[in-house]
Amino acid sequence: MIDAAEQVRTIASSIFNMLAQDESSSAPPETMDDWDSMQRLNLVLALEEHFEVEFNPEEIERMKTLSDFAAGVENKRAQVPGEA
């Protein structure tokens, strides 16, 4: 099973037109050429759809790097009985 971090990186790679291995999970968004508020929203929506979770605005605001997004996904999945 592919872990959340790898899945987040793969989803982000399609949104930000990068190769999944090109970006460090802890790299700040400014290092991604296509990162802007609209693309960030696209990433959030794609992650919510893919992982069947929903982030609240405060959670979204705290997520700054791909690692943060992966941790957010893991936290949401841990809250669902039978998931992890």
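Everything that follows concerns the structure shown earlier in this document.
Keep in mind that this is a model prediction, so the values were computed, not measured.

Peer 1: How would you sum up the pattern of salt bridges? Please name residues and give values.
Peer 2: Enumeration over the complete set of coordinates arrives at 3 salt bridges. The shortest N-O distance in the salt bridge between Glu6 and Arg9 comes to 3.2 Å. Here Glu6 and its partner Arg9 are both found in helix 1 (residues 4-15), 3 residues apart, which amounts to about one turn of the helix. Residue Arg9 is classed as buried on the basis of its relative accessible area of 18%.

Peer 1: Can you break down unusual backbone geometry residue by residue, with the values?
Peer 2: The phi torsion at Glu52 lies on the positive side, around 55 degrees, for a residue other than glycine. Assessed through its relative accessible area of 73%, Glu52 is described here as exposed.

Conventions we followed
Residues numbered from 1 in each chain as written. Predicted model: local features only at pLDDT ≥ 70, side-chain atom pairs only at ≥ 80, totals over all residues. Heavy atoms only, no water. Salt bridge = Lys/Arg side-chain N within 4 Å of Asp/Glu carboxyl O. Helix = DSSP H or I, 4+ residues; strand = E, 2+ residues; numbered from the N terminus. Buried < 20%, exposed > 50% of the residue type's maximum accessible area, 1.4 Å probe, protein only.

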